[in-house]
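# Breakdown of the fold
Read off the chains here:
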Amino acid sequence: MVEPEERPSVAGQRLGAPESMGISTLEPGQRPPTMPPGRQVSIRVQMLDDTQEVFEVSQRAPGKVLFDLVCAHLNLIEGDYFGLEFQDQRKMTVWLDLLKPTLKQIRRPKNTILRFVVKFFPPDHSQLLEELTRYLFALQIKHDLACGRLTCNESSAALLVSHIVQSEIGDFDEVQCKQHLLNNKYIPEQDALMDKIIEYHRKHVGQTPAESDYQLLEIARRLEMYGVRLYPAKDREGTKLSLAVAHSGVLVFQGHTKINAFNWSKVRKLSFKRKRFLIKLRPDLNQSNCQDTLEFMMGSRDCCKVFWKICVEYHAFFRLFEEPKPKPKPVLFTRGSSFRFSETFYAKIYQILNLVKRSPWKNSLLIISNPPSSENTVKSISRSPQHSESPSAGQVMVNGQKQSLSLGQSPDRRQPSPLTSPLLTDAGFVRTDDEDEVRRKRFPTDKAYFIAKELLTTERTYLKDLEVITVSFQKSVGKDEAMPDSLRNLIFANFEPVYKFHETFLNDVEQRLAQWEGRSNAHIKGDYQRVGDVMLKNIQGLKLLTAHLQKHSEALLELERTCRSSRRLEGLCRDFELQKVCYLPLNIFFLRPLHRLMHYKQILERLCKHYPPTHDDFRASRAALADISEMVVQLHGTLIKMENFQKLLELKKDLTGVEDLAIPGREFIRLGCLSKLSGKGLQQRMFFLFNDVLMYTSRGMTASNQFKVNGQLPLYGMTIRESEDEWGVPHSFTLFGQRQSVVVAASSASEMEKWVEDIKMAIELADKCNGSSAEILSSSFTDSKSPEESSADQESEDDLSASRTSLERQTPHRGNTTVHVCWHRNTSVSMVDFSVALENQLSGNLLRKFKNSNGWQKLWVVFTNFSLFFYKTHQDEFPLASLPLLGYSITVPSESENIHKDYVFKLHFKSHVYYFRSESEYSFERWMEVIRSATCSSSHIRSLSRKEPHVY
């Protein structure tokens, strides 16, 4: 038997651990497990650093004894995350059962090598308490990268390898780095990424091995294939797929692309019967006819059992908090597998619960065990808890004596590193009140300063949005023949000059703000507390780029035209939209330069309103406003048309059953939920109102989660009448068309008023056409139903009971679009709302707090397209998460909520509550203003006024 005191482990050497360190820094003095009597057998175990160790175990010893010996050898306390795997006699990779005797599982121990690997991957690596555990996880990531199991894009791969190299050889030295990369292969295509790896490694100077491990895990945990082991399977149609299990539930992959996920909260039962693996789902209250059992075929019964068993273990590890009572065994016969939740997993859960008082496990597990099933469009950013409730948070042992520490302070009174800070969150730190006070005293308080700062923060976001086209999209399409050279030149030759111009503009604004804040000596040489002169100079330069700005709309039209004729290019664009960097629909980025003109105009209007006419900056600001207003008037008509065209293209992706949505002359007006009265009662439907037709759809289980068009009502000749008294349904009205009538009901009186107002306006527009498009509508917009099904009480519901196999998810999942948010939150939005939500973009740092948490997280937040997008910093390439705001209410906290801070606003929808804290009164008012614009729907009156911009 291997004794840990005989020699230090490899991990111990890497971490500088002395031989007398003991088992763990958490529980010193722990001894190796007691060995049962009997003849001993040698078992070889391969560690994560590829070294092999031999352990002596008794023939009768259960697997737990061997596993505990390995953990003792590594000085590992957090062994619950790990396991021993091996190939059995059927050549299948299985996990060592810790309760069964080891030699009953390993038939030929002399010829078998067990591998010590990570078995359970938590969603947040800050749950790992010890540096050793993080080091072992880093070794697992390194192994998964090398064997191709952990796939990612080139940039992520290069960044991961750069952190591995930093941890192994230290600070950057070009010769040493190149030689090390030539001698060690970390990823399959390493040679092609050599320069990028070196470039990233150069930036890690001063980073310790432990910090490199932390950064490695931080990047890896966001990858789709993190911790995923694929098990081959097929769906009912015979399509080859792979199944996997994670902390959140069961996953379905096609190749290395996740096409479906079944959260534990939605899974009622997992079982297998021969080669069939069955997932029984909890009934969906919104869809009574949906299939509740999914079936997958695996290679054999043994394959099914292996996957089913690991699913049970994952569920037990991440979700089980109470030991289920064992069922009585039948006296004569048994049926099915004898595997149950073992006491090993109960022990793991209770170990976790016992660590709650001194570790960050509690909140994390609660989040996993109680996911927000009703808020499936909002992704959680941080699972890191707050530790202020911990009894030991304020005291540490130093030289045997208790000493008190201020929050977030290390024992040596220095600021904590990212590895040891008990307040670590995804945002990186929590700001204290003292820091806020220092900041208020240090920085200017003039409103003009905060207006200038808004210019800076939004310019940073705008430049990142331009990079989506000029860098990411250009790299994605590359030199692919699917994109003609003429189209490539039209797009990038007209975006790159704009991008380069705004790089200089941003640099000017950053320099001026630094001077304004007194961060350089330049403020001594002159008065730099103004920004109008900077804007005037750059807007005059921007006017020279008007020809390029006008070409952007042409580029969008040509891209759409080419995609229609080239499926390959359409596929390239679709794949690019799935990348995290493309956080909005691709065609929205084509409109960003025109929207930015509106932002400049709004900023300058606020600046001129704030300045008195005698202010030094007033004349420059007024001149800049005149110039930008001239550009807005010149390009406003193009913007209105392109916003409508972009919205039609976006809706085209959300709808199925209509041939061509973006026909010339069609204008989008409103979309949203209404209940349609049929023979089965009121049924929720999505309605789409245009200036020529009203479409109603149902949410079907289609390949891309689209809405199926059930009917189309031409507006020419249509009449509308309120019918609440007639049908006894609140907020109902009847639409009388030329071919059929439809009775619908809104969710509230205000929603009904918006719909009735917009439909009446659309009918008037259609009637003014004198029926010229009636024949076109009747011929091109055929009803989706046959004549027998045209009556309202016989509407087909087949699309709702369609088979929910994973084959239907081959195309991109569109479950987080505005249409789906409206569906889930039973609301509606108009074209004016879309325009305002895009034109009222805002960016900046906010502190965020959850309803039941204590600390505040600092995040970079971008508001656009009805959503808040959360980043760690403004330099991040893509958002960590998003929060769609439709349906939310924005208020200020009440006294009873005990939020005793300045400039705090509250977002709430049903039971979901978020608090956000801004840095000044100005930014607080701006965030309240723009968020209200996304949560309060507009009427068509504003739409008409919007088409006639005011000339300055």
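Scroll up to find the structure.
To keep things clear, this report deals only with the structure shown in the data block. (Residues numbered from 1 in each chain as written. Predicted model: local features only at pLDDT ≥ 70, side-chain atom pairs only at ≥ 80, totals over all residues. Heavy atoms only, no water.)

When a protein is soluble and globular, its nonpolar side chains tend to lie buried together. In this structure, Ile491, Leu671, Leu868 and Trp927 are the most contacted members of the largest nonpolar core, which totals 129 residues. The contacts of Ile491, once residues within four sequence positions are left out, are Ile469, Phe473, Met483, Ala555 and Phe590. One finds Ile198, Val228, Ile310 and Tyr314 within the second-largest nonpolar core, a separate group that totals 99 residues. (Core = buried A, V, L, I, M, F, W, Y, C linked by side-chain atoms within 4.5 Å. Buried < 20%, exposed > 50% of the residue type's maximum accessible area, 1.4 Å probe, protein only. Contact = heavy atoms within 4.5 Å.)

All right, on to the sheet that holds strand β28 (residues 889-891) then. Adjacent strands of a sheet form backbone hydrogen bonds with each other and so pair up, either parallel or antiparallel. Strand order in the open sheet made by the 7 strands is β27-β26-β25-β24-β30-β29-β28, with antiparallel pairing throughout. Single-partner strands in this sheet number two, and they are β27 (881-884) and β28. Between one strand axis and the next, the sheet turns through 35° on average, direction left out of account. In the sheet, β28 pairs with strand β29 (residues 904-909) via 3 bridges, with the strands oriented antiparallel. In the sheet register, Ile890 faces β29, and the bridge partner there is Leu907. Lying over the sheet, helix α13 (residues 447-477) contacts β24 (842-850) and β25 (857-864), oriented at roughly 95° with respect to β24. (Pairing = 2+ DSSP bridges. Helix = DSSP H or I, 4+ residues; strand = E, 2+ residues; numbered from the N terminus. Axes fitted to C-alpha atoms, helices over the stretch in contact; angles between N-to-C directions.)

Given a rise of 1.5 Å per residue, 19 residues ought to cover 27 Å, and the 26 Å separating the end C-alpha atoms of helix α9 (residues 301-319) matches this to within 8%. For α9, the buried fraction is high: 14 of the 19 residues fall into the buried class. (Expected span 1.5 Å × (residues − 1).)

Under the criterion given, the structure shown has 35 aromatic pairs. With a centroid separation of 5.0 Å and 65° between ring planes, the pair formed by Phe277 and Phe307 is classed as edge-to-face. Placement of Phe277 in strand β11 (residues 276-281) and of Phe307 in helix α9 is noted, with a sequence separation of 30 residues between them. Residues Phe277 and Phe307 agree in their burial class; the two are buried. Of the aromatic side chains, those joined through ring pairs into one cluster are Phe67, Tyr81, Phe82, Phe116, Phe120, Phe121, Phe137, Tyr226, Tyr314, Phe317 and Phe318. Sitting over the face of the ring of Phe690, Arg666 holds its NZ or CZ atom 5.2 Å from the ring centroid. (Phe/Tyr/Trp six-rings, centres within 6.5 Å; stacked < 30°, edge-to-face > 60°. Lys NZ or Arg CZ within 6 Å of the ring centre and 35° of its normal.)

The next subject is the environment of Glu131. In this structure, Glu131 sits in helix α4 (residues 131-147). Taking the relative accessible area as the measure of exposure, Glu131 reaches 33% and is therefore partly exposed. For the pair formed by Glu131 and Tyr214, sequence separation is 83 residues and the distance between their alpha carbons is 8.8 Å.

With that out of the way, let us pick up the sheet that holds strand β4 (residues 93-95). Judged by pairing direction, the sheet is mixed, and its 5 strands sit side by side in the order β2-β1-β5-β3-β4 without closing on themselves. Edge positions in the sheet fall to β2 (52-58) and β4, since each of these pairs with one other strand and no more. Adjacent strand axes in the sheet meet at a mean angle of 40° when their direction is disregarded. Strand direction decides the pairing type here: strand β1 (residues 40-46) and β2, joined by 7 bridges, are antiparallel.

Moving on, we come to the state of the cysteines. One pass over the full model with this rule turns up 0 disulfides. Free cysteine Cys304: the closest other cysteine sulfur is in Cys303, separated by 7.6 Å. For Cys304, a relative accessible area of 0% puts it in the buried group. (Disulfide = S-S within 2.5 Å.)

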